[in-house]
Amino acid sequence: MPRTALLHDVVARLRHVIGAADSFIPLHAPEFLGSERELVTQCIDTGWVSSVGSFVDQFERDVAAACGTAFGVAVVNGTAALEVAMRVAGVVAGDEVLMPALTFVATANAAYHLGAVPHFIDSAPDTLGVDPGALRAHLLRIGRVGPDGLINAETGRRISCVVPMHVFGHPVDMEGLAAVAEEFGLVIVEDAAEGLGSLWQGRQLGSFGTVAALSFNGNKIVTTGGGGAIVTNNESMARRAKHLTTTAKVPHRWAFDHDECGYNYRLPNLNAALGVAQMAQLGDRVAKKRRLAQRYIDRFADLNGANIFAEPKGAQSNYWLNTLILAPGTDETTRDQLLDGINAAGYMARPIWSLMPSLPFNAHCPCAPLPVAEDLERRIINLPSSAMLADRA
Ligand SMILES: *Cc1c(COP(=O)(O)O)cnc(C)c1O
């Protein structure tokens, strides 16, 4: 199919699914349909706008409940949540941290902030996330299990954990990954920033790792403006995460006693108020987004040259971002022409992130062969995905 014909076909189908682009339709807009105004006003009226307050405690309970974990710790953003999650899971300076090459840059940044080194692995075409089979093959080739755990024989560094990221809300094959983690003695830290509200085998994302990180940035499925959370079933990790992120202050009526170098990663009560109102809408939000995704899937079903990515087997995805996958072998030029045309038609469209090893500051990082990730990078276009679009056309 000629490129321009594909572009016209995609735009016509977009019009059917989400209506005419009378004004530019963004990729993902926040929605405030609940008690946001009331709860934020309550913070202002009572003066509880800053780093402590009842909404922080409530938000932590709500987030843990939504993830099916015993504990939740609210923090200032998802990147901070990932950093602290890795740290309480045992990552130390000089370690390597396994993560997909196809991820948002924050996953790698969080490892760097701890003095650790990202180590990139390939993705699976059916989940878009880490491929447990490819990971195992790579570790069998470069890894040595010794008394200190898994060592990268090529660099001499310890490999302490693996960070699966649930791309666009689609769950990683967590059963396959758990088996590889077990075989090589790796801790799993989930980057569930995009996965809130998704299920895998009936269980919530965020509950599979020893610890998991979430983001509540403005473009995520629910938002606190900016924010993040660490969730876990491990009580001592939860306590340590809370302690570290609140300046490591020893509780006392008046003394400033801090027992280690902590962070100020606290989520303000003002943001938590927004979060409490938003969490109450998570179920409705996911239902709407699943309805929108189904409309995309149905309407694009017989399209020539591309298809809409559907949730993996065993998964119930939140469909954070809808994904058009171009035919195998599509080159970057074709993708970019489509991106230009779709955006020009008033529908915001974006490519997937640049592969991590292609960013200059990651050039020195260890990296597995990436045949699938390199192919996917050229073939993915995200389409407008706000929940409100489910009822628009
Ligand atoms: C959004 C996101 C983050 C970081 O969250 P922030 O709140 O923006 O710091 C981390 N990982 C992934 C995969 C994300 O999508």
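Predicted model, so just to flag it, every value in this text is computed and none were measured. (Residues numbered from 1 in each chain as written. Predicted model: local features only at pLDDT ≥ 70, side-chain atom pairs only at ≥ 80, totals over all residues. Heavy atoms only, no water.)

### Regarding the site of the ligand
Put simply, the rule is: Being near a molecule or strand, for a residue, comes down to having at least one heavy atom within 4 Å of it. Within 3.5 Å is the distance limit for a polar contact, defined as a pair of N or O atoms, with the added protein rule that one can donate a hydrogen and the other accept it, and that residues adjacent in sequence qualify only through two side-chain atoms. With residues, only the protein chains shown are counted as cover, and all accessible areas are computed by Shrake-Rupley using a 1.4 Å probe. A cavity here means a set of points on a 1 Å grid, drawn over the protein atoms and nothing else, where a 1.4 Å probe fits but cannot get out; a pocket is an open set with protein on both sides within 12 Å along at least five of seven lines, and a residue lines either one if it has an atom within 4 Å of a point. Cavities and pockets are treated as containing a molecule whenever more than half of the molecule's atoms lie within 2 Å of their grid points. Counting from the N terminus, the helices are DSSP H or I runs at least four residues long and the strands are E runs at least two residues long. Ten residue types, Ala, Val, Leu, Ile, Met, Phe, Trp, Tyr, Cys and Pro, are classed as nonpolar, four, Asp, Glu, Lys and Arg, as charged, and the remainder, Gly among them, as polar.
Every one of the 14 residues lining the ligand counts as a neighbour, but G78, T79, E194, S215 and K220 are closest to it. Within the contact set of the ligand, an oxygen atom lies 2.6 Å away from a side-chain nitrogen or oxygen of T79. In the model, an oxygen atom of the ligand is placed 2.7 Å from a nitrogen or oxygen of the S215 side chain. Protein contact buries 92% of the 380 Å² of open area that the ligand shows by itself. Comparing atom positions with the cavity grids shows the ligand to sit within the largest pocket. Residue contributions to the shell around the ligand peak at 3 residues, all from helix 4 (residues 78-88). Split by residue class, the shell around the ligand holds 5 nonpolar, 6 polar and 3 charged.

### Some remarks on the sheet that holds strand 8 (residues 199-200)
Keep this limit in mind: For two strands to pair, DSSP has to find at least two bridges joining them.
One open sheet holds the 3 strands; their spatial order is 9-8-13, and the pairing between them is antiparallel. Both edges of this open sheet fall to strand 9 (203-204) and strand 13 (315-316), since each of them pairs with a single strand only. Where strand 8 lies against strand 9, 2 bridges are found, and the strand directions are antiparallel. Its bridge partner lying in strand 9, W200 is registered against R203.

### Quick word on the packing of aromatic side chains
For the record, the criterion: Pairing of aromatic rings covers Phe, Tyr and Trp, the last counted by its six-membered ring, and requires centre-to-centre distances within 6.5 Å; plane angles under 30 degrees mean stacked, over 60 mean edge-to-face, and any other angle means tilted.
The final tally for this structure, using the stated rule, is 6 aromatic pairs. Ring centres of Y263 and Y265 lie 4.4 Å apart, and the angle between their planes is 15 degrees; on these two criteria the pair is classed as stacked.

### Notes on the pairing of strand 1 (residues 71-75)
Rules: Note on classification: 1.4 Å probe, protein chains only; a residue is buried when its accessible area is under 20% of the maximum for its type, exposed when over 50%, partly exposed between these limits.
Most of strand 1 sits inside the fold, with 4 of its 5 residues counted as buried. Taken together, the 5 bridges between strand 1 and strand 11 (residues 228-232) define a ladder with antiparallel strand orientation. Paired with F71 across the bridge in strand 11 is T232.

### Topic: the layout of surface pockets
To keep things clear, this is the line we draw: Grid points are joined across faces, edges and corners, and a volume is the space filled by probe spheres set on the points. The start and end points of each domain follow an automatic or database-based domain assignment.
Computed from the structure, the largest pocket encloses a volume of approximately 500 Å³. Residue lining of the largest pocket: 30 residues in total, with F104, E194, N219, K220 and W320 positioned closest to the centre. In the lining of the largest pocket, the residues fall into 14 nonpolar, 12 polar and 4 charged. Each of domain 1 (3-30 + 282-391) and domain 2 (36-279) contributes no fewer than three residues to the lining of the largest pocket.

### Looking at the sheet that holds strand 15 (residues 350-351)
Through backbone hydrogen bonds, the strands of a sheet pair up, either in parallel or in antiparallel fashion. Stated formally: It only takes one pair of heavy atoms within 4.5 Å for two residues to be counted as in contact. Axis lines are fitted through C-alpha atoms, for helices just across the contact stretch, and the angle between N-to-C directions can take any value from 0 to 180 degrees.
One open sheet holds the 4 strands; their spatial order is 12-14-16-15, and the pairing between them is antiparallel. The outermost strands of the open sheet, each flanked by one partner alone, are strand 12 (306-308) and strand 15. Relative to strand 16 (residues 380-383), strand 14 (residues 322-326) is paired through 4 bridges, and the arrangement is antiparallel. Residue pairing across strands places I325 opposite I380, the latter belonging to strand 16. Set on the sheet, helix 11 (residues 332-344) makes contact with strand 14, strand 15 and strand 16; between it and strand 16 the angle comes to about 15 degrees.

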